[in-house]
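Observations on the model geometry
So the chains spell out like this:
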Amino acid sequence: KFMWFGMGFTLFMYTWYHILFLVKMRLDQMTTKSVKKVRFYLKIACTTYFAIWIGYPTLWVLYEAGVIDPVTSHLMHVLFDVIAKSVYGFALLFFVVGGEKHDFVFL
């Protein structure tokens, strides 16, 4: 089962890296003054979202290794879900409210 985890985690890290690369490329395209004020919120959203993604496989390994019990694992999953979804959602909300559509250039 750890062999499958290793293969899945390798693919996860590959896609995670490329998604972050694309997000950074899009952030670098945002150059006007009004866009710079909302970049902060987009960075918070991306950081929260991708940092939490790393937590799920880590929890699985800790649970399978017997380091944490099932209750702790479930509580941490709930905590990760709440943090990921609420912080990500509010950051994206501030990003959308603070920016104007014509400021963004997506090639």
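Please refer to the structure higher up on the page.
Reference entry: report on the structure contained in this document. These numbers come from a predicted model, not from an experiment.

Looking at the environment of W60
Assignment of secondary structure puts W60 in helix α2 (residues 33-64). Here W60 falls in the partly exposed class, since its relative accessible area comes to 27%. The spacing of W60 and H77 is 17 residues in sequence and 9.8 Å in space, taken between C-alpha atoms. When sequence neighbours within four positions are dropped, the list of residues in contact with W60 reads K1, F2 and F5.

What about the side chain of S73?
Counting through the fold element by element, S73 comes out in helix α3 (residues 70-98). The residues touching S73, leaving out its near neighbours within four places in the chain, are L59, Y63 and I68.

Structural notes on the packing of aromatic side chains
Under the counting rule described, the total for this entry stands at five aromatic pairs. Between F5 and W60, the ring centres sit 4.8 Å apart and the planes meet at 20°, which makes this aromatic pair stacked. Here F5 is found in helix α1 (residues 2-29), whereas its partner W60 is found in helix α2, with 55 residues between them in sequence. Residue classification places F5 among the partly exposed residues on the basis of a relative accessible area of 23%. Relative to F80, the ring of Y56 lies with its centre 5.6 Å away and its plane at 85°, an arrangement referred to as edge-to-face. A residue pair is termed long-range when its members are at least 10 positions apart, and Y56 in helix α2 and F80 in helix α3 qualify at 24 residues. Judged by its relative accessible area of 23%, Y56 falls in the partly exposed class. By way of ring pairs, the aromatic residues F5, F9, F12, W53 and W60 are connected into one cluster.

Topic: the environment of H74
Here H74 is to be found in helix α3. Judged by relative accessible area, which is 55%, H74 ranks as exposed. Each C-alpha atom, one on H74 and one on Y63, is 9.9 Å from the other, the two residues being 11 residues apart in sequence.

Parameters at a glance
Residues numbered from 1 in each chain as written. Predicted model: local features only at pLDDT ≥ 70, side-chain atom pairs only at ≥ 80, totals over all residues. Heavy atoms only, no water. Helix = DSSP H or I, 4+ residues; strand = E, 2+ residues; numbered from the N terminus. Buried < 20%, exposed > 50% of the residue type's maximum accessible area, 1.4 Å probe, protein only. Contact = heavy atoms within 4.5 Å. Phe/Tyr/Trp six-rings, centres within 6.5 Å; stacked < 30°, edge-to-face > 60°.

Worth remembering: the numbers are spatial, not functional.
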